[in-house]
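# Structure at a glance
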Amino acid sequence: MSAGAFNILWLQAGSCGGCTMSMLEHGSGGWFRELDTLGVNLLWHPSVSEETGTEARVVLERVEAGETPLHALCIEGAILCGPDGTGFFNRLAGTGRAMLDWARALAVKADYCVAIGSCATFGGVPAADPDPTDAVGLQYRKAVAGGALGADYRSRRGLPVINVAGCAPHPGWIMETLAALALDVLTADDLDALGRPKFYVDHLAHHGCSRNEFYEFKASAETLSQRGCLMEHLGCKATQAAGDCNQRGWNGSGSCTKGGFACIACTSPGFEDIRDYHRTPKIGGVPIGLPLDMPKAWFMALAALSKSATPQRVRKNATADHVVVPPRGARRPKE
């Protein structure tokens, strides 16, 4: 351990491990070099640390006893409270203790507590109805404050759980949050009402979407693989979902909509209860979920106007899997 380093401890609860997989993609030099650069010391991570068995248990016990300072406790995955509130559906192997117990014991020792991903934040996929494991987030059960640590929990530095929501969250969201904590520049004012860092939730997934020309003219794809906007027929929630997904991209350029799939608003509580993700629910032909900050009457009026003015190029390309009509300026001039 480096003297003066910012110590983080990463635990995995009820999850698929996708948040760790996302994190490992961070930075041109890799996550570990990034941590070194920022003076962050990874005390232990169940997937990437060499310590195992007794060695790992000693790391946790030293933190719990206050012998090793814990600056940030990072938990990935939902806390499984079942059966009957014991948490025994998910024990930390070799310790005989439930993750519910470890989370509560270590959270009070941490300067900051960080929920990594939507499972640790709101319960996520494990909490989907009917939720037989009684899965919750660290400080939320879906959108309701509470969770494993309780609504009143505050870390040693006075902050609620910092919720880096997303399934999986962008590695930049995780690393920039940890960097801000290590540099002591993240305050309560930097979090939204659900405890998510504003630097990425003050954006919409719609911002920077490569399909925006189709959205502007309400030129919609009718099936997957087509180029048009995915909102009208295929369930896309990018105009309602928090996140700068289409501005920074995964692995340098990827996002759900760039990959041809609808945004499912995975940074929001309760997304896991949606059924039939790739179909837009409607009433009277009008999508139920409209763009944020857009009154329904305005949306209806603008949609009608946009459709009446849709260029043939945009209309034909919307239902094709490749460009069938290029922009006029891109055509070869007549000889």
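Residues numbered from 1 in each chain as written. Predicted model: local features only at pLDDT ≥ 70, side-chain atom pairs only at ≥ 80, totals over all residues. Heavy atoms only, no water.

## Things to note about the overall build of the protein chain
Note the following rule: Strands here are runs of E lasting at least two residues and helices are runs of H or I lasting at least four, both read from the DSSP assignment and numbered beginning at the N terminus. Each residue's exposure class comes from its accessible area (1.4 Å probe, protein chains only) as a fraction of the maximum for that residue type: buried when under 20%, exposed when over 50%, partly exposed otherwise. Any two residues whose heavy atoms approach within 4.5 Å are treated as being in contact. Note that accessible areas follow from Shrake-Rupley with a 1.4 Å probe, and for residues the cover is restricted to the protein chains shown. Positive: Lys, Arg. Negative: Asp, Glu. His and the chain ends are not part of the count. Where a charge lies is defined by one atom per residue type: Lys uses NZ, Arg uses CZ, Asp uses CG and Glu uses CD.
The number of helices and strands found in the protein chain is 12 helices and 13 strands. Taking the principal axes of its C-alpha atoms as reference, the protein chain extends roughly 80 × 50 × 35 Å. By residue count, 50% of the 335 residues in the protein chain fall in the buried class. Nonlocal contacts in the protein chain, meaning residues at least 24 apart in sequence, comprise 69% of its contacts between residues at least 6 apart. Summing over all exposed atoms, the protein chain offers an accessible surface of approximately 16000 Å²; the carbon and sulfur share of this is 54%. If you average the places of the 32 positive and of the 34 negative side-chain charges in the protein chain, the two averages end up 10 Å apart.

## Some points on the packing of aromatic side chains
Note the threshold: Centres within 6.5 Å are what make two rings of Phe, Tyr or Trp a pair, Trp counting through its six-membered ring; a difference in plane orientation under 30 degrees is then read as stacked, over 60 as edge-to-face, and the rest as tilted.
Enumeration according to the criterion identifies six aromatic pairs in this entry. Aromatic pair tryptophan 10 and tryptophan 31: ring centres 5.5 Å apart, planes at 70°, arrangement edge-to-face. With tryptophan 10 in strand 1 (residues 6-12) and tryptophan 31 in helix 2 (residues 31-37), the pair connects residues that are 21 residues apart, well separated along the chain. Neither residue differs from the other here; tryptophan 10 and tryptophan 31 are each classed as buried. Measuring from ring centre to ring centre gives 5.6 Å for phenylalanine 199 and tyrosine 200, while their planes differ by 65°; the resulting arrangement is edge-to-face.

## As for unusual backbone geometry
In this chain, glycine 82 is followed by proline 83 through a cis amide linkage whose omega measures -5°. That bond from cysteine 167 to alanine 168 is cis: its omega, -5°, falls within 30 degrees of zero. On the secondary structure map, alanine 168 appears in the loop between strand 11 (162-164) and helix 6 (171-182). One non-glycine residue, lysine 142, lies in the positive phi region at around 55°. Inspection of the secondary structure puts lysine 142 in the loop between strand 9 (140-141) and strand 10 (144-145).

## Some remarks on the packing of helix 3 (residues 53-64) against helix 4 (residues 99-107)
Put simply, the test is: For every element, the axis is a line fit to its C-alpha atoms; helices are fit only across the contacting stretch, and the angle between N-to-C directions ranges from 0 to 180 degrees. Geometric relationships in this document are graded by angle, where less than 35 degrees denotes roughly parallel, more than 145 denotes roughly antiparallel, 65 to 115 denotes roughly perpendicular, and other angles denote oblique. A clockwise turn of the near helix away from the far one marks a right-handed crossing, whereas an anticlockwise turn of less than a right angle marks a left-handed crossing. Classification convention: Asp, Glu, Lys, Arg as charged; Ala, Val, Leu, Ile, Met, Phe, Trp, Tyr, Cys, Pro as nonpolar; all other residues, Gly among them, as polar.
In the contact formed by helix 3 and helix 4, the axes pass within 9 Å of each other and the chain directions differ by 45°. The angle between helix 3 and helix 4 places the two elements in the oblique class. The two elements helix 3 and helix 4 cross, and the hand of that crossing is left-handed. Counting all contacts with helix 3, which are made through Leu60, Glu61, Val63 and Glu64, the residues of helix 4 involved are Trp102, Ala105 and Leu106. Split into classes, the residues belonging to the contact of helix 3 with helix 4 amount to five nonpolar, no polar and two charged.

## Re the nonpolar core
How we decide: Only buried Ala, Val, Leu, Ile, Met, Phe, Trp, Tyr and Cys residues count toward a nonpolar core, and they belong to the same one when joined by side-chain atoms within 4.5 Å. Each domain's extent is set by a domain assignment, obtained either automatically or from a database.
Counting 43 residues, the largest nonpolar core has Ile8 and Trp10 as its most contacted members. If you tally residues by element for this core, the top one is helix 6, at six residues. Counting only domains with at least three residues in this core, you end up with domain 1 (6-202) and domain 2 (211-319). The contact partners of isoleucine 8, leaving out residues within four places of it in the chain, are Leu35, Val40, Asn41, Leu42, Leu43, Trp44, Leu70, Ala72, Cys74 and Leu178.

## Observations concerning the UniProt feature "binding site: [4Fe-4S] cluster 2" (unreviewed entry) in the protein chain
Just so we agree on the cut-off: UniProt positions are given in the numbering used here, feature names are shortened, and annotations may be inferred rather than shown by experiment.
In the numbering used here, UniProt assigns the "binding site: [4Fe-4S] cluster 2" (unreviewed entry) feature to His206, Cys209, Cys229 and Cys236. Spatial clustering of the annotated residues is evident: they stretch over 31 residues in sequence, but the largest pairwise C-alpha distance comes to 11.5 Å. Of note, histidine 206 is situated in the loop between helix 7 (198-201) and helix 8 (212-216). Filtering out sequence-adjacent residues up to four positions away, histidine 206 remains in contact with Asn212, Tyr215, Ala238 and Thr239.

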